[in-house]
Amino acid sequence: QPSVDFYEAVGGGETFRRLVAAFYRGVAEDQVLRPLYPEEDLGPAEERFRLFLQQYWGGPRTYSEQRGHPRLRMRHAPFRVGIVERDAWLRRMRDAMDEIALPAEYDAAMWDYFVRAADFMVNHVEDL
Ligand code: HEM
């Protein structure tokens, strides 16, 4: 589990704010992802994701104070996450990470995590 050193090294809360803002700009225009989001306003979803990421990467634990245990697979169960959705999500995240352009070793650590986490969230197997 990442420590506060990682959080500070990548630029703290401001970095996660920029990352999720870039990511949700992509989601807003994504024809696969946008329909999955139940709310008209993506702002609250962006905020939950931002708080989760800053907690995961060693920052303030506000996410769990507000939302409890993350249980991310369970929280994604209402949404169909197949290979198409996973790939769309990762493409938007790759674009967002390119936009914030972290130093290579931090970029690699976070990207590795996102690839694994996105695989873990898949809950629907497409017909072959
Ligand atoms: C919530 C889609 C992967 C973290 C959501 C929501 C959707 C969604 C539709 C509900 C929006 C809301 O909060 O109102 C997807 C899809 C994924 C994916 C299609 C493709 C694989 C991930 C990954 C992470 C993540 C990899 C973490 C690294 C979260 C968090 C929430 C959330 C923290 C809010 C949970 C809460 O209610 O507290 N996601 N997601 N998601 N997602 Fe994802």
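Remember, it's a predicted structure, so these values are computed and weren't measured experimentally.

*Asks:* How would you summarise the overall build of the protein if you had to cite specific residues and measurements?
*Replies:* Looking only at helices and strands, the protein features seven helices and zero strands. Secondary structure elements in the protein, listed N-terminal to C-terminal, are α-α-α-α-α-α-α. The C-alpha atoms of the protein give a radius of gyration of 14 Å, which matches the 14 Å a tight globule of 128 residues would have. Across its three principal directions, the C-alpha atoms of the protein cover 45 × 30 × 25 Å. Here the protein holds 128 residues, and the buried ones make up 40% of them. Surface exposure of the protein reaches about 7500 Å², of which carbon and sulfur atoms provide 52%.

*Asks:* How would you summarise the coordination of the iron atom of the ligand if you had to cite specific residues and measurements?
*Replies:* Coordination of the iron atom of the ligand by the protein comes from a single atom, His76 (NE2), at 2.0 Å. Within the secondary structure, His76 sits in helix H5 (residues 72-76).

*Asks:* Which residues make up the site of the ligand, and what values go with them?
*Replies:* Around the ligand lies a shell of 20 residues, among which Arg48, Tyr63, Arg67, His76 and Trp89 are the nearest. One of the side-chain N or O atoms of Trp89 is found 3.5 Å from a nitrogen atom in the ligand. Broken down by secondary-structure element, the contributors of at least two residues to the shell around the ligand are helix H3 (43-56), helix H4 (62-67), H5, helix H6 (83-100) and helix H7 (104-121). Classifying every residue of the shell around the ligand by side-chain character gives 15 nonpolar, one polar and four charged.

*Asks:* Any chance you could break down the environment of Arg73 for me, citing the residues and the numbers?
*Replies:* By the element assignment, Arg73 lies in helix H5. Using a relative accessible area of 39% as the deciding quantity, one classes Arg73 as partly exposed. At 2.8 Å, the side chain of Arg73 forms a polar contact with the backbone oxygen of Phe120.

*Asks:* Tell me what's going on with the nonpolar core, and back it up with residues and numbers.
*Replies:* Counting 33 residues, the largest nonpolar core has Leu19, Phe49, Leu53, Trp57, Met110, Tyr113 and Phe114 as its most contacted members. At the level of elements, helix H1 (4-9), helix H2 (12-28), H3, H6 and H7 are the ones that each hand at least two residues to this core. It is H2 that contributes the most residues to this core, seven residues altogether.

*Asks:* Give me the lowdown on H7, citing residues and values where you can.
*Replies:* The end-to-end C-alpha separation of H7 is 26 Å, in line with the 26 Å expected for 18 residues at 1.5 Å each. Buried residues of H7: Tyr106, Asp107, Met110, Tyr113, Phe114, Ala117, Ala118 and Met121, and no others. One face of H7 carries all of its buried residues, which in axial projection span an arc of 135°. Facing away from the buried side of H7 by more than 90 degrees, the exposed set consists of Ala104, Glu105 and Arg116.

Procedures and definitions
- Residues numbered from 1 in each chain as written.
- Predicted model: local features only at pLDDT ≥ 70, side-chain atom pairs only at ≥ 80, totals over all residues.
- Heavy atoms only, no water.
- Helix = DSSP H or I, 4+ residues; strand = E, 2+ residues; numbered from the N terminus.
- Rg over C-alpha atoms; globule rule 2.2 N^0.38 Å.
- Buried < 20%, exposed > 50% of the residue type's maximum accessible area, 1.4 Å probe, protein only.
- Areas by Shrake-Rupley, 256 points an atom, 1.4 Å probe, with all protein chains shown as cover.
- Donors = N, O, S within 2.8 Å, 3.2 Å for Na, K, Ca; no water.
- Near = heavy atom within 4 Å.
- Polar contact = N/O pair within 3.5 Å; in protein donor to acceptor, adjacent residues only side chain to side chain.
- Nonpolar A, V, L, I, M, F, W, Y, C, P; charged D, E, K, R; others polar.
- Core = buried A, V, L, I, M, F, W, Y, C linked by side-chain atoms within 4.5 Å.
- Expected span 1.5 Å × (residues − 1).
- Arc of directions from axis to C-beta.

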